[in-house]
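Next come the chains, spelled out residue by residue.
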Amino acid sequence: MRKIGLLGLTLVTLGTWFSLRSSPPHISSTLPTIKPSPPKTIHYLERILPQGIAHILLIPANSRFVVTGALSAKANTVEEFARKRKATAILNAGFFDPVNQKSTSYVVIANQLVADPKDNERLVNNPQLKPYLNLIFNRSEFRRYRCGQTVRYSIALHNESLSADCRLVDAIGAGPRLLPELTLVQEGFVDNALVRDALGSKQLNARTAVGITRDGSIILVMVAQKPSQPNNSGMSLLQLADLMKILGASEAMNLDGGSSSSLYYKGKTFYGKVDLQGNLIKRPVKSVLLVQEK
């Protein structure tokens, strides 16, 4: 059955579910299922969880909306992206270096490669990262591609090729993949032998993700910290993966989180990270996912 039908029902139980799980295993398959017709417009939900605030956008398949990427020459807040792009919704996306403001993720827009992490000298010349560069250059990316007259979305490793009759239109890299499995080690974020964890994957933090359901709907999620709990709120990556599965995603990918976590929707902006005093951090970002009308 199509799990996207669980959206309204299962979100009601999220608070209880997360309060019972400090380090959750994979979600149980015993949740009840319903199968209503999905709406053809964007559906926004906000849910207050014990350790975070989840902002969720559902973009139904075959709706009048399209999800594409955008890159700025200079890092901008999602509000600044919104003013320039006139998008209905915007979510922060790929990784970047805040020092030189160059992307550390691949970005393809309208069939053109507009950001290549191999061009970022601070990345390629970092001696601590040299052992992981091959993995870094082959991380997950969210893709929009065309096969004949059909437009599709997928999450794939950068080096994965498309079918011969398909053409890549847009792609934004980040990672790791969250579903169908968490690939922290495979994408060079975690090295268990050296106790390296570049994303603090087990720690609670503001997080951002994109998911795809089996029917082709897109789920955008930004989990914000609570101002009242600046040192102990947000989600771990495993919790984020479980949340995306609850929401009906069959594929999902982590996006740049922490201080970059930000979501714009219909004139309102939500930021994810708070400082020690509980104040929101409004960090400019390099690339975003845009939700626009076709």
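For the structure itself, consult the block above.
Keep in mind that this is a model prediction, so the values were computed, not measured.

Draft legend 1. View of the side chain of D97. Tracing the backbone shows D97 in strand β5 (residues 96-97). Here D97 is in contact with K102, T104, N120 and R122, once residues within four sequence places are set aside.

Draft legend 2. Geometry of the pattern of salt bridges. Taken as a whole and assessed by the stated rule, the structure comprises five salt bridges. Among the ionic pairs, K102 bridges to E121, the shortest N-O distance being 2.9 Å. Highlighted residues: K102 in strand β6 (residues 102-103) and E121 in helix α4 (residues 121-124), separated in sequence by 19 residues. Look at K102 and you get partly exposed, because its relative accessible area is 34%. A relative accessible area of 36% means that E121 is categorised as partly exposed. A salt bridge links R143 to E141; the shortest N-O distance between them is 2.8 Å. The same class applies to R143 as to E141, namely buried.

Draft legend 3. Looking closely at the packing of aromatic side chains. Tallying each qualifying case throughout the model produces four aromatic pairs. Taken together, Y44, Y265 and F270 form an aromatic cluster joined through their ring pairs. For R139, the ring lying beneath its charged end belongs to F189, and the centroid distance is 3.6 Å. The ring of Y132 has R196 sitting right over it, with the charged end atom 4.3 Å from the ring centre.

Draft legend 4. Structural view of the nonpolar core. By size, the foremost hydrophobic cluster in this structure holds 56 residues, and its most contacted members are F142, I218, L220, M244 and L289. Ranked by the residues each element gives to this core, the list is headed by strand β16 (residues 218-224), at seven residues. F81, I90, F96 and V285 belong to the second largest nonpolar core, which has 13 residues in total.

Draft legend 5. Local environment of the sheet that holds strand β15 (residues 207-213). Pairing within the open sheet is antiparallel, and its six strands lie in the order β1-β2-β16-β15-β17-β12. Looking at strand neighbours, the two that pair on one side only are β1 (43-49) and β12 (177-179), the edges of this open sheet. Geometrically, the sheet is characterised by an average inter-axis angle of 20° between neighbouring strands, direction not taken into account. In the sheet, strand β2 (residues 52-59) pairs with β16 via seven bridges, with the strands oriented antiparallel. Following the sheet pairing, H55 is matched in β16 by M222.

Draft legend 6. Broad picture of the pairing of strand β4 (residues 89-92). Here β4 shows a buried face lined by A89 and L91 and a second buried face lined by I90 and N92. The pairing of β4 with strand β18 (residues 262-265) spans three bridges and is antiparallel. Directly across from I90, in β18, lies its bridge partner Y264. Looking at chain direction, β4 and strand β20 (residues 285-293) are connected through four bridges and run antiparallel. Along β20, the bridge assignment pairs L91 with L289.

Draft legend 7. How the structure looks around the sheet that holds strand β8 (residues 112-115). Ordered by their spatial adjacency, five strands build an open sheet running β8-β7-β11-β9-β10, and the pairing between neighbours is antiparallel. For this open sheet the edge positions go to β8 and β10 (150-157), each flanked by a neighbour on one side alone. Neighbour to neighbour, the strand axes of the sheet diverge by 35° on average, direction disregarded. In this structure, strand β9 (residues 140-147) lies alongside β10, joined through eight bridges in antiparallel fashion. Counterpart to S140 in the pairing with β10 is L157.

Draft legend 8. How the structure looks around unusual backbone geometry. The omega torsion across G175 and P176 is 0°, close enough to zero to call that bond cis. With an omega dihedral of 5°, the bond running from L179 to P180 counts as a cis peptide bond. Secondary-structure assignment places P180 in the loop between β12 and β13 (190-191). The phi torsion at K86 lies on the positive side, around 55°, for a residue other than glycine. Note on placement: K86 falls in the loop between α3 (78-85) and β4. Notably, K266 is not glycine yet its phi reads approximately 50°, a positive angle. Tracing the backbone shows K266 in the loop between β18 and β19 (268-271).

Reading the values: the criteria
- Residues numbered from 1 in each chain as written.
- Predicted model: local features only at pLDDT ≥ 70, side-chain atom pairs only at ≥ 80, totals over all residues.
- Heavy atoms only, no water.
- Helix = DSSP H or I, 4+ residues; strand = E, 2+ residues; numbered from the N terminus.
- Contact = heavy atoms within 4.5 Å.
- Salt bridge = Lys/Arg side-chain N within 4 Å of Asp/Glu carboxyl O.
- Buried < 20%, exposed > 50% of the residue type's maximum accessible area, 1.4 Å probe, protein only.
- Phe/Tyr/Trp six-rings, centres within 6.5 Å; stacked < 30°, edge-to-face > 60°.
- Lys NZ or Arg CZ within 6 Å of the ring centre and 35° of its normal.
- Core = buried A, V, L, I, M, F, W, Y, C linked by side-chain atoms within 4.5 Å.
- Pairing = 2+ DSSP bridges.
- Axes fitted to C-alpha atoms, helices over the stretch in contact; angles between N-to-C directions.

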